[in-house]
Amino acid sequence: MIFSRTRFIIALSVSLLVLSVTSAHAHRVNIFAYAEGNTVMTESFFSGGKPAMNSKVEVFDSSGKKLLEGKTDNEGIFSFAIPARDDLKIVVYAGEGHRSEYIVKKSELPASEGEPVADSAEPDSAASGTQGINNRSTQPVSAGEPVAISNDCITEEIMNKTIKDRIEKEKIKIKKDMLLEQRRNAGPSIVKLIGGLGYIFGIMGLWLFFIGRKKSSE
Amino acid sequence: MHISEGVLSPPILIGGAALAVVGVAIGLKKTKQEDIPKVALLSSAFFVASFIHVPIGPSSAHLILNGLNGLLLGWAAFPSMLVALFMQAVLFQFGGITVLGVNTFNMAFPAVMCRFLFSRMIFSGNNAVSVTGAFLCGALPVMLSGLLVAAELVFTEESFVQTARLIVVAHLPIMIVEGLIAVGAISFIKKVKPEILGLPPRAEQDG
C-alpha cells in the first residue's frame, strides 16, 4: 500500500509521456522573415508547424518606431513592401499572450534602392535581371557613345549583375529552406523533454537532501 | 496559455512575481518531507502535459493539468508548477523567465482555490456529488486561468471579453478532458489511499 500513490502518479506521468510522443504539439509562436525583391515575406507558425492565422504583425525600425502593422493570412504569411532601409524588427502577436519577434538586418535587405544607380526607379529590377540589363544597354547607346566600347562594358556589367542576381536568388532559396527546416523542428524534442524531467527529479533530490541534513543536524 | 516574454508591462510582471513568491513560500512551508516526491511527480506531469495536444476544437490547445496539481497538492502546487514552468521556459521557450511569476500565479492560484472550494464536495459520501466536485476541480481552474490571462492581456490585446472568449472556447475540450482526468484520479485515490488528499485514512474500512 505504501507505494500505491507513487505508483499511481508514476503510471500517470508515464502514460502522459507516451501520449506526448505521438503528438508533440505545444504552444509557442515563431516568426521568420526574409526580404525578396522589394518586399519582406514573414511566416508565423506555432511549434508543431501549424500556421498562426489572422495574427497581428507589427514592424518597427531600429529606434523602436512602429512603421506598419498587418495581419497574417490563413497560411500565417504576411508580406509588406520594405518601408525603410533599416534593421526591421518584426513582431507577431498570436493571441493568448503569444508573441515572437524576428529582426531583418539592414544588410539583408536587397540594396537596389539605396544604390546611386540612375535607373533604379524601376521597382521590379530585382525580379528580372535581364530587364535591368536591357535598360542599361540602351542607355549608353542613346547617349551617342561608340558601340564597341559600351559593348565591352556591358558584358562585364551583365556578368556582375547576373552573378549578383544569382546569388540573391540562392540566398532566398537557402532562407526558405531554413524556414522549412525550422518549421519541421519547431516542436520541442523528446530529448529535452526527458532532460526536463530529469531536472525536476534532481531538484526533488536536492530538496530532500537539504531537509534530511537539517533534520540530522538538529 | 503561457504568456510570452515582452507582452506584459512591468507592474503586472512584478505583481505576478510577488504573488507567486507568496504562494511558493506557503507551499514550501506546508509541504512535509514525505510529500516531496509527490510534488515532484505532479510537477513532471504538469511539465509533460503541455506536450499533449488535444486535437478537438477550433484552436490547438494542450493539456494543462493545473487543476490536478492543485487538487492533489494544495498550496504545494505553487512550487510544483514554478519548477515545471521554469523548465518549459528554459528548455522550450514557452513563456519566459521574466513572466515566470505571472505564469505560475495564473496556473496555480485558481487550482489552489478550486481545491479549497470543492474539497467538501469531493469528500462527501454522495458519489454523484463527489464526482461532480472532482470534475469541477479539474475543469474550472483551466477556465479561471484563462480569465486571468485575458485580464492581464487587457493592455496588449483588443479587449478582455474577446480574448477571454477565445481562450475559453479554445480550452473547452481541454476542460472536459482535465475534468475527466481529475474524476479518474480522485476515484482511484479514494479507493486506494485517501490520505494522499490530506484526509484521515479510512482505517475503519481498511480493517
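These numbers were taken from a predicted model, which means no experiment stands behind them.

Rules used throughout
Residues numbered from 1 in each chain as written. Chains lettered and ligands numbered in written order. Predicted model: local features only at pLDDT ≥ 70, side-chain atom pairs only at ≥ 80, totals over all residues. Heavy atoms only, no water. Helix = DSSP H or I, 4+ residues; strand = E, 2+ residues; numbered from the N terminus. Buried < 20%, exposed > 50% of the residue type's maximum accessible area, 1.4 Å probe, protein only. Contact = heavy atoms within 4.5 Å. Areas by Shrake-Rupley, 256 points an atom, 1.4 Å probe, with all protein chains shown as cover. Core = buried A, V, L, I, M, F, W, Y, C linked by side-chain atoms within 4.5 Å. Pairing = 2+ DSSP bridges. Axes fitted to C-alpha atoms, helices over the stretch in contact; angles between N-to-C directions. Phe/Tyr/Trp six-rings, centres within 6.5 Å; stacked < 30°, edge-to-face > 60°. Lys NZ or Arg CZ within 6 Å of the ring centre and 35° of its normal. Salt bridge = Lys/Arg side-chain N within 4 Å of Asp/Glu carboxyl O. pLDDT = per-residue confidence, 0-100. Lys, Arg positive; Asp, Glu negative; His and termini not counted.

1. So, the overall build of chain B
For chain B, the count of helices and strands is 8 helices and 2 strands. Its helices and strands in sequence order give chain B the pattern α-α-β-β-α-α-α-α-α-α, from N to C terminus. When each of the 207 residues of chain B is scored for burial, the buried share is 57%. The long-range fraction of contacts in chain B, counting pairs at least 24 apart against all pairs at least 6 apart in sequence, stands at 73%. Accessible surface, chain B: about 8,200 Å² in total, of which carbon and sulfur atoms supply 70%.

2. Side note on the environment of Val54(B)
Residue position: Val54(B) is located in strand β1 (residues 53-54). Leaving out residues up to four positions away in the same chain, Val54(B) has contacts with Ala61(B), His62(B), Leu63(B), Pro173(B) and Ile174(B).

3. Describing the nonpolar core
Among the nonpolar cores identified, the biggest contains 63 residues, and Leu8(B) and Phe47(B) are the most heavily contacted of them. Only α4 (190-217) of chain A together with α1 (10-30), α2 (36-49), α3 (66-73), α4 (77-92), α5 (100-122), α6 (127-152) and α7 (160-192) of chain B provide two or more residues apiece to this core. Once residues lying within four places of it in the same chain are set aside, the contact partners of Phe47(B) are Lys192(A), Leu193(A), Gly196(A), Leu197(A), Ile200(A), Ala84(B), Met87(B), Gln88(B), Leu91(B) and Phe92(B). Judged by nonpolar contacts, the second largest core, of 24 residues, contains Val29(A), Tyr34(A), Phe80(A) and Leu109(A).

4. Topic: the sheet that holds strand β7 (residues 99-104) of chain A
Residue and element names in this part refer to chain A. Taken together, 4 strands build an open sheet; the order of strands is β4-β3-β6-β7 and the sheet is antiparallel. For this open sheet the edge positions go to β4 (66-71) and β7, each flanked by a neighbour on one side alone. Taking the axes of each pair of neighbouring strands and ignoring which way they run, one obtains an average angle of 20 degrees across the sheet. In the sheet, strand β3 (residues 56-60) pairs with β4 via 5 bridges, with the strands oriented antiparallel. Counterpart to valine 57 in the pairing with β4 is glycine 70.

5. Considering the packing of aromatic side chains
Taken as a whole and judged by the stated rule, the model has 8 aromatic pairs over all chains. A centroid spacing of 4.9 Å and a plane angle of 20 degrees characterise the contact between Phe105(B) and Phe109(B), whose relative ring orientation is stacked. On the criterion of helical spacing, the pair formed by Phe105(B) and Phe109(B) is a turn pair, its members being 4 residues apart in helix α5. Counting every residue linked through ring pairs, the aromatic cluster contains Phe47(B), Phe92(B) and Phe94(B). Here the guanidinium or amino end of Lys56(A) rests over the ring plane of Tyr93(A), the centre of that ring lying 5.5 Å away.

6. A few points about the pattern of salt bridges
Residue and element names in this part refer to chain A. Tallying each qualifying case throughout the model produces 7 salt bridges over all chains. A salt bridge links lysine 56 to glutamate 58; the nearest nitrogen and oxygen atoms lie 3.4 Å apart. Per residue, the accessibility class of lysine 56 equals that of glutamate 58, and both read buried. Here lysine 171 and glutamate 168 are joined by a salt bridge, their closest N and O atoms 3.6 Å apart. Of the two residues, lysine 171 and glutamate 168 both sit in helix α3 (residues 147-184), 3 residues apart, roughly one turn of that helix. Residue glutamate 168 is classed as partly exposed on the basis of its relative accessible area of 30%. Each of the salt bridges in this network shares a partner with another, and the network as a whole consists of Lys56, Glu58, Lys66 and Glu69.

7. Notes on the confidence of the model for chain A
Residue and element names in this part refer to chain A. When pLDDT is averaged across chain A, the result is 73; 65% of the residues are at 70 or more. Note that pLDDT drops below 50 for residues 20-26; the model gives that stretch 21 contacts with residues more than four away or on any other chain. Every residue in residues 113-145 is under pLDDT 50, and counting partners more than four places away or in other chains gives 24 contacts.

8. Details of the sheet that holds strand β5 (residues 77-81) of chain A
Residue and element names in this part refer to chain A. Taken in spatial order, the 3 strands of this open sheet run β1-β2-β5, and their pairing is antiparallel. Every other strand in the sheet has two partners, leaving β1 (29-36) and β5 as the edge strands with one partner each. When the angles between neighbouring strand axes are averaged without regard to direction, this sheet yields 20 degrees. Bridging between strand β2 (residues 39-46) and β5 involves 5 bridges; their strand directions are antiparallel. What sits directly across from glutamate 43, in β5, is isoleucine 77.

9. Remarks on the pairing of β3(A)
All names here are of chain A. A large share of β3 lies buried, amounting to 5 of its 5 residues. Residues Lys56, Glu58 and Phe60 line one face of β3 and the alternating positions Val57 and Val59 line the opposite face, and both faces are buried. Taking the residues between adjacent antiparallel strands as the criterion, β3 and β4 are bridged by 5 residues, where glycine 64 takes a positive phi near 90 degrees.

10. Quick look at the side chain of Glu178(B)
Residue and element names in this part refer to chain B. Turning to its location among the elements, glutamate 178 is positioned in helix α7. Buried within the structure, glutamate 178 lacks any salt-bridge partner; its nearest side chain of opposite charge belongs to arginine 115, at an N-O separation of 15 Å. In contact with glutamate 178, not counting residues within four places along its chain, are Leu63, Ile64, Leu65, Asn66, Gly67, Gly138 and Val142.

11. Topic: the pairing of strand β6 (residues 88-93) of chain A
Residues and elements named next belong to chain A. The buried fraction of β6 is high, at 5 of 6 residues. Pairing analysis gives 5 bridges linking β3 to β6, with the strands arranged antiparallel. Across the sheet, valine 57 pairs through a bridge with valine 92, a residue of β6. Pairing geometry for β6 and β7, over 6 bridges, is antiparallel. Each bridged residue has a counterpart across the sheet, and for tyrosine 93 the counterpart in β7 is arginine 99. Linking β6 to β7, which pair antiparallel, is a turn of 5 residues; within it glycine 95 sits at a positive phi near 75 degrees.

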